[in-house]
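One letter stands for each residue in the lines below.
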Amino acid sequence: MSYEIDGVVYVVSLRQDRVYVRADLAGEDARKTLLHEMCHVATGCTGHSQEFIRELRRLGTLGERWANHEADVFSQPQAPLTRDDLLERMEEMAASPKPPAWAAARQHLAEEAGLSLLQFDRAHPELQRHWHQLLGCHQPSG
Ligand SMILES: [Zn+2]
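Caption draft 1: Main features of the overall build of the chain. Each helix and strand in the chain was counted, giving 7 helices and 3 strands. Listing every helix and strand of the chain by position from the N terminus yields β-β-β-α-α-α-α-α-α-α. Looking at the chain residue by residue over its 142 residues, the buried ones come to 21%. At a minimum sequence separation of 6, the contacts of the chain that also span at least 24 residues come to 43%.

Next comes the structure, spelled out in structure tokens:
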């Protein structure tokens, strides 16, 4: 199953197009959490990518001031993704209903890793082959 967990309790499953939240979440917290997770669904992105941040900022222009604040936080430089992080992201993308072609997956991973495409290829030359292996393992079973 493809999902992201923010903290421990908020889960978005891009594969199932569903958002799960803790049952006792209520009021403003529930509303903001659902909007946050819907940004993941809208962008088809499990991470807090530039595309995701743009979607948060779009909410901000609609009056959701907290979304602008979150966008600011996610725009701060992050610790670089480790190889394990990248492999996890790849598995999530490969398990989505419509896995992207390698070119799109590579661009997404490079962006999340904060690398240019050239830097990404140099740092992770083996990942393209791994991507195709992952897709081979995720063919619909019928
Ligand atoms: Zn999130």
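Caption draft 2: Representation of the nonpolar core in the model. Of all hydrophobic cores here, the largest spans 10 residues; its members are Leu86, Met90, Met93, Ala94, Ala105, Leu109, Ala113, Phe120, Leu127 and Trp131. Going through the elements one at a time, helix H4 (83-94), helix H5 (102-113) and helix H7 (127-137) are the ones with two or more residues in this core. For this core, the leading source of residues is H4, giving 4 residues. Listed in part, the 7 residues of the second largest apolar core include Cys45, Phe52, Leu59 and Ala67.

Caption draft 3: Seen up close, the environment of Pro80. Residue position: Pro80 is located in the loop between helix H3 (65-75) and H4. Judged by local crowding, Pro80 falls into the exposed class, with 12 C-beta atoms found within 10 Å. Remark: the alpha-carbon pair of Pro80 and Glu112, spanning 32 residues in sequence, is separated by 8.4 Å. The contact partners of Pro80, leaving out residues within four places of it in the chain, are Ala113 and Gly114.

Caption draft 4: Here's a closer look at the environment of Glu37. Of note, Glu37 is situated in helix H1 (residues 27-43). For Glu37, a count of 20 C-beta atoms within 10 Å corresponds to the buried category. Taking the C-alpha atoms as reference, Glu37 lies 9.3 Å from Val21; in sequence the two are 16 residues apart.

Rules used in this analysis
Residues numbered from 1 in each chain as written. Predicted model: local features only at pLDDT ≥ 70, side-chain atom pairs only at ≥ 80, totals over all residues. Helix = DSSP H or I, 4+ residues; strand = E, 2+ residues; numbered from the N terminus. Buried ≥ 20, exposed ≤ 12 C-beta atoms within 10 Å, placed from the backbone. Contact = placed C-beta atoms within 7 Å. Core = buried A, V, L, I, M, F, W, Y, C linked by C-beta atoms within 7 Å.

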